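Structure assessment
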Amino acid sequence: MDKKLFRSLVLLITYAVVLVAVIVKLDAVTGWLGGMAAAFQPLVIGGVIAFILSRPCNFFARLYDKALPAQMRRGARPLAVVTVYLVVIALITVLVSMVVPELTHSIEMFMGNLNTYAANFQELFDWLVAKLELEQLASLDLSAGISDSLQKLLTGALDALTNTLPHLIGMTGVLVSAVVTGVISLVFSIYMLSGAPRLTAQCRRLVEAYLPRWAAGTVLSVTRLTADTFSKYVSGQMIEACILGGLCFLGMCIFRFDYAPLISVAVGVFALIPIAGAYLGAVLAVLLLVMIDPWQAVWFLVFLVALQQLEGNLIYPRVVGTSMGLPGIWVLAAVTVGGSLLGLVGMVMSVPLVAVAYTLLKQDLRARTPASAPEPKADGGELPRQP
């Protein structure tokens, strides 16, 4: 028998045996994969933190490299890492000290006035029933339903707290595990940021050493494109969320809307979700304000639409720069499919992944299409391709 054919048969049989073993022992394989994922979780979290902070760290590294004398430039990178983490800690401290007290006060005020809001909502419902002549809904008491729902919610929260107390030891173990994972992830992120140039060079050397030249070039090109796309997307979404939340709070204070801190934080957080985030934030705010004053909810909706148009068309392009080059229909498709598959994480991560795939497909089509090939006209004729 030919050695090449024999080797192919051995590989095929081995693959079939492994596939059958995986199918038969699927639970064991799933448990092993879950254990591996848990083992690598600190490394993955640390890599995500380092990736998010890589751009500001590179900025400070370049700044220190120019400012420091030649004999001290080796410390530019560690000094940049320390500066980035100090800035992050300062921003978190300022944000918590400014937002949390106002947010707590808004929630307490809302809970204290819930019965009044339920009565206002009942009056609005009765007015709509009278205007639309819906006699079959006239006897519906929504105020009592809202009060009962609140009572059940509070009772359920107290019962959950009571039932949780016997499991305090287990909860403590989970909390300790989460703290340890967070500390290890933070240490990993510091090491990755400090040695980012060296790690990048080592990974490039491994790819070039163990892959053919054409494959190594493709892998490095795709990796570079993916990193740039995700970096632009993450920084763009975070800047957009901060600007939109801050402008929403400022506008709500100027126009004297109720619960400005609570609604502004919700709008800013939901802005991290592409496309759907704006609608989710608007729906939550309107549902909250309509129980206080329906006209206030209407005017807030008008204000939020105007604010989003201003921020999306004027501020966001100037602050963040050009977009990722992904058409709107593909953004909508990515958010829809990603949300269906992986929920909130899928909605956030699907857009940069589809942007990378779209860019690679566009580059491949350009490479495969001859430069002299005619382009079709809208009426079925042909136009010569522009050089």
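Residues numbered from 1 in each chain as written. Predicted model: local features only at pLDDT ≥ 70, side-chain atom pairs only at ≥ 80, totals over all residues. Heavy atoms only, no water.

**Things to note about the overall build of the chain**
- Tallying secondary structure elements over the chain gives 13 helices and 2 strands in all.
- By residue count, 24% of the 387 residues in the chain fall in the buried class.
- If you take every contact in the chain between residues at least 6 apart in sequence, the share linking residues at least 24 apart comes to 64%.
- Here the chain displays about 26500 Å² of accessible surface, and carbon together with sulfur accounts for 71% of that area. (Helix = DSSP H or I, 4+ residues; strand = E, 2+ residues; numbered from the N terminus. Buried < 20%, exposed > 50% of the residue type's maximum accessible area, 1.4 Å probe, protein only. Contact = heavy atoms within 4.5 Å. Areas by Shrake-Rupley, 256 points an atom, 1.4 Å probe, with all protein chains shown as cover.)

**Topic: the side chain of threonine 181**
- Within the secondary structure, threonine 181 is located in helix α7 (residues 168-194).
- Among the residues examined, threonine 181 registers a relative accessible area of 18% and is labelled buried.

**A short note on the packing of aromatic side chains**
- Taken as a whole and judged by the stated rule, the model has 7 aromatic pairs.
- A centroid spacing of 5.4 Å and a plane angle of 65 degrees characterise the contact between phenylalanine 59 and phenylalanine 60, whose relative ring orientation is edge-to-face.
- Overall, the relative accessible area of 46% leaves phenylalanine 59 in the partly exposed class.
- Given the relative accessible area of 18%, phenylalanine 60 is considered buried.
- Ring centres of phenylalanine 255 and phenylalanine 257 lie 6.3 Å apart, and the angle between their planes is 45 degrees; on these two criteria the pair is classed as tilted.
- Given the relative accessible area of 53%, phenylalanine 255 is considered exposed.
- Residue phenylalanine 257 is classed as buried on the basis of its relative accessible area of 11%. (Phe/Tyr/Trp six-rings, centres within 6.5 Å; stacked < 30°, edge-to-face > 60°.)

**Concerning the nonpolar core**
- Cys248, Met252, Ile263, Phe300 and Phe303 are the most contacted members of the largest nonpolar core, which has 21 residues in total.
- Those elements that provide at least two residues to this core are α9 (213-254), α10 (260-270), α11 (276-290) and α12 (294-320).
- Here phenylalanine 300 is in contact with Cys248, Met252, Phe257, Ile263, Ala285 and Leu289, once residues within four sequence places are set aside.
- One finds Ala61, Tyr64, Val81 and Tyr85 within the second-largest nonpolar core, a separate group that totals 13 residues. (Core = buried A, V, L, I, M, F, W, Y, C linked by side-chain atoms within 4.5 Å.)

**Describing the state of the cysteines**
- Counted by the stated rule, this structure contains 0 disulfides.
- Not part of a disulfide, cysteine 253 finds its nearest cysteine sulfur in cysteine 248, a span of 9.4 Å. (Disulfide = S-S within 2.5 Å.)

**Overview of the side chain of arginine 77**
- The topology assignment puts arginine 77 in helix α4 (residues 76-112).
- With no salt bridge to any partner, buried arginine 77 finds its closest opposite charge in aspartate 65, at an N-O distance of 10.0 Å.
- The contacts of arginine 77, once residues within four sequence positions are left out, are Cys57, Asn58, Ala61, Leu193, Ser194, Ala196 and Pro197. (Lys, Arg positive; Asp, Glu negative; His and termini not counted. Salt bridge = Lys/Arg side-chain N within 4 Å of Asp/Glu carboxyl O.)

**Describing the packing of helix α3 (residues 41-67) against α9**
- Relative orientation of the contacting elements α3 and α9 amounts to 80 degrees, with a least axis distance of 10 Å. Between α3 and α9, the interaxial angle falls into the category roughly perpendicular. Between α3 and α9, the contacting residues are Phe51, Ile52 and Arg55 on the first element and Ala227, Phe230, Ser231, Lys232, Val234, Ser235 and Met238 on the second.
- A class-by-class count of the residues in the contact of α3 with α9 yields 6 nonpolar, 2 polar and 2 charged. (Axes fitted to C-alpha atoms, helices over the stretch in contact; angles between N-to-C directions. Parallel < 35°, antiparallel > 145°, perpendicular 65-115°, else oblique. Nonpolar A, V, L, I, M, F, W, Y, C, P; charged D, E, K, R; others polar.)

**Some points on the environment of glycine 47**
- By the secondary structure assignment, glycine 47 is in helix α3.
- Take glycine 47: its relative accessible area is 24%, and that puts it in the partly exposed class.
- Sequence-wise, glycine 47 and leucine 186 are 139 residues apart; in three dimensions their C-alpha atoms are separated by 9.3 Å.

**Quick notes on unusual backbone geometry**
- Non-glycine residue arginine 256 carries a positive phi angle of around 60 degrees.
- What makes arginine 256 exposed here is its relative accessible area of 73%.

**A closer look at the environment of alanine 76**
- By secondary structure assignment, the location of alanine 76 is in helix α4.
- The spatial distance from the C-alpha of alanine 76 to the C-alpha of aspartate 65 is 5.6 Å, given a sequence separation of 11 residues.
- When near neighbours in sequence (up to four residues on either side) are disregarded, alanine 76 contacts Ala61, Tyr64, Asp65 and Leu68.

**A closer look at the confidence of the model for the chain**
- The predicted model of the chain averages 76 in pLDDT, with 75% of residues at 70 or higher.
- The least confident element of the chain is strand β2 (residues 382-383), whose mean pLDDT is 44; the most confident is helix α8 (residues 196-210), at 88.
- A low-confidence stretch, residues 378-387 stays under pLDDT 50, and its non-local contacts, those more than four residues away or across chains, total 14 contacts. (pLDDT = per-residue confidence, 0-100.)

**Topic: the environment of valine 234**
- Within the secondary structure layout, valine 234 lies in helix α9.
- The spatial distance from the C-alpha of valine 234 to the C-alpha of proline 352 is 9.0 Å, given a sequence separation of 118 residues.

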